[in-house]
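Single-letter residue listing:
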Amino acid sequence: MDAGLLEQMLLGALLALSVYLPLRCGQLSLATPGFYAVGGYVAALLSTGVPAFAGTGATSPLPALLVEMVLAGALAGLIALAIGGPVLRLRGIYLAIATIALVEILRVINLNLPFTGGAMGIFGIPQPFAQPEGYVAFTLALLALACWLCQRLEALRLGRAMAAIRDDELAAACVGIDTPHTKLIAFVASALLAGVTGAVAAHFFNSWNARAGSFDASITTLAFVVFGGSRLWPGPVLGGLLLTALPELLRPVGDLRLILFGAVILLGPLFFPQGLVTAERLQRLQTLAALLPRRRGAPLAP
Amino acid sequence: MIPGRLHRAGTGLLALALLLAGCGGDGGKQPINLAGGVPVGAVLALTGNANVYGQDQKIGLELALKQRNGVGGINGRPLKLALEDSGSDEPGANAAFTLQINNGMLALIGPTLSQQAFSADPIAQRRGVPVVAPSNTATGIPEIGSFISRVSAQSSVIAPLAIEAALKLQPGLKRAAVFYAQDDAYSTAETTIFQQTLKGRGLDPVTVQRTQLNDQDFQNQISAALREQPDLIVLSLQAVDGGNLIRQLRELGYRGLIVAGNGMNTPNIYPICQKYCDGVLIGQAYSPELDTPANNAFLKAFRAAKGGATPPQLTAQAYTALQVVAEALVRLDKRLPLAGANLVEARKALMAEILSGSYATPLGEIRFTPEGEVIQSQFYVARVRMDPGGRSGRFALLK
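Computed from a predicted model, the values in this text were never measured in an experiment.

Right, let's get into the domain arrangement of chain B. All names here are of chain B. The domain boundaries assigned to chain B delineate domain 1 (38–153 + 291–368) and domain 2 (156–284 + 380–397). In this structure, domain 1 and domain 2 have C-alpha centres spaced 29 Å apart. Between domain 1 and domain 2, the residue contacts involve 13 residues of the former and 19 residues of the latter. Between domain 1 and domain 2 the total buried area reaches about 1,400 Å² when both faces are included, carbon and sulfur atoms providing 50% of it. Sorting the residues of domain 1 by area buried against domain 2 places Asn49, Tyr53 and Gln313 first, and these three jointly supply 36% of that buried surface. Here domain 1 is connected to domain 2 by zero salt bridges. Counting across the interface, domain 1 meets domain 2 through nine residue pairs in polar contact (both at pLDDT 80 or more). Mapped onto the side of domain 1 that touches domain 2, the elements with two or more residues apiece are α2 (51–70) and α11 (313–335). Counting residues per element, the side of domain 1 that touches domain 2 draws most heavily on α2, at three residues.

Residue and element names in this part refer to chain B. Buried residues dominate strand β6 (residues 176–181), accounting for six of its six residues. Residues Ala176, Val178 and Tyr180 point to one face of β6 and Ala177, Phe179 and Ala181 to the other, with burial holding for every one of them. For β6 and strand β8 (residues 232–236), the ladder comprises five bridges, and the chain directions are parallel. Of the residues in β8, the one forming a bridge with Val178 is Val234. Direction of pairing for β6 relative to strand β7 (residues 207–211): parallel, over a ladder of five bridges. In the strand pairing of β7, Ala177 is matched with Thr207. Handedness of the β6-helix α6 (residues 185–200)-β7 crossover: right-handed.

It is worth spelling out the state of the cysteines at this point. By definition, a disulfide links the sulfur atoms of two cysteine residues through a covalent bond. Evaluation of the coordinates by the stated rule reveals one disulfide over all chains. One disulfide bridge connects B:Cys273 with B:Cys277, the sulfur atoms lying 2.1 Å from each other. On the S-S bond that ties B:Cys273 to B:Cys277, the torsion sits near 105 degrees, and the link is right-handed. Judged by its relative accessible area of 0%, B:Cys273 is buried. For B:Cys277, a relative accessible area of 0% translates into the label buried. In this structure A:Cys147 is not part of a disulfide, and its nearest cysteine sulfur, from A:Cys150, lies 6.4 Å away. Using a relative accessible area of 5% as the deciding quantity, one classes A:Cys150 as buried.

Cut-off values and rules
Residues numbered from 1 in each chain as written. Chains lettered and ligands numbered in written order. Predicted model: local features only at pLDDT ≥ 70, side-chain atom pairs only at ≥ 80, totals over all residues. Heavy atoms only, no water. Domains from an automatic or database assignment. Contact = heavy atoms within 4.5 Å. Buried area = accessible area lost by both parts, 1.4 Å probe. Salt bridge = Lys/Arg side-chain N within 4 Å of Asp/Glu carboxyl O. Polar contact = N/O pair within 3.5 Å; in protein donor to acceptor, adjacent residues only side chain to side chain. Helix = DSSP H or I, 4+ residues; strand = E, 2+ residues; numbered from the N terminus. Buried < 20%, exposed > 50% of the residue type's maximum accessible area, 1.4 Å probe, protein only. Pairing = 2+ DSSP bridges. Right-handed = clockwise from strand over helix to strand, strands pointing away. Disulfide = S-S within 2.5 Å.

This is the structure we're talking about:
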């Protein structure tokens, strides 16, 4: 498999996790691509405009990328913090509409700011890695970190509070969970992750423009989660990886590939309404995995 | 219980991704794979909102391929063209470029849109693969790098001609209105040139209206523009949105002249604006009336394939792009036989060969600057003439 495609898959998985975080708290937010675009602009502007970040022009130093990621995450997080308060008073479909509006507002601002390069965007972004394999290793580490944090969340009070809000917000509030605060944390964490992902993506794609954060992208990232499953973090990761790869893997079928891709997206939720990854399926996989070594007679048993 | 299981599942997933990552990478020192012919790749927008251009370009490439293989290919070895769809966005173009480069293509033709070129061309540049762009007109494309060239003259050369032609048709023009798609690289680049030209001729635009690439309904912008009572409307829009806008413009009662940019320079606008396309002025880098052996051969091939129709500029430019690559390959193969040559070095030598040559093409005699910008001598202006039924029409050149 090509490393460039693998990198896009990993970026897709990170974005899917960003959509998953508010969903874990029962909040349907489509704002991820907006924060992703903001993060990308931070990295693009810094690495093309500030000599310390630009390196030699063609290659940029790795520490610069890390600083860009921190700044991109911080800016996206701050925007989320500022607007999260009023926006998160909305629920369900109204919240979704508000976040779509947010994505549109950010897009139009990005198109019209004097320093973001208009529709052409910013191009010639220096590369911290000479080969796509470098990006893959780096993004894989980032994804592993994000997955580990999501996993930790399951055991933390915050994670349990989020799950409680998802299952019944009123009941959660009754047992003393600070629901607005918890929802805000989930929203900010989602923005932060999207911003950091954008910073990596801007370098990888060479160029960055407002189309990175469009309504289409909102729907695509939502599809990752719906397809993969929204209950457990491996769901969005799997959805992000698969749905990013599929249009490319289908290239051999020629003109039919986008039709097939559409059919897969349609059939996925029809046959797996909870998404591909559910607790029951993971359990079954686990039992199967546990059976296999015993059959082979591997010396695992004490 | 569940967390532990999750953990293991996640570790497995990441291990799988790592494993896949290990499969990446391409050997830089491989020879050229000449099985089935000399490999050249094309990346066109065959789906998405730019597909109307990709369809025109595909025909041009197919005709050029047939022509080249009819006269002996690359010194007796057939030319092999691999066509990939880029969609109409940047990630699609990036993926298609990478795929073609990994498949060992000697040179790439594409991508269709300037916006895609800014994203995908640096990939080819980094990996040292020659790119000949058949339709990128935005400023700054050959400047992306030493491996990037184009046969499509940039809009700063062509766009002013259409304004001049409009002023010649109606010397008293005073009130120009400008439309452009603010989220499209081509539109914003071209409208700057249109507006400079207008100002240079003392025609300060009375209004500049911004639209979006994916808009369908332009009533607001049109009403705002018509309040200013313009007598000339200048559009920098792509085929689909531009066609819709012209239709709505005429339906809302505008009767004056319309100048359109290169984005509408395709007969595929006929089904969109139908009878309302009539009279639109568009600058041209190609004339079907050019009487040279190269153009006559192209015309004959096109008419044989498409039943008597007139080839659009995009088709002629795509034909030219493949012709340029093929002729450079023929010369290169004589100097440095492709069989047994190292792929990396052959790509580098091919780029130098492309830039150093002079080509008799349907566009006329063309050459390249050392940066890869095309040098072309003749440009034209066409006026769209629709048939009475409004189903079909032609681009009639202004004399």
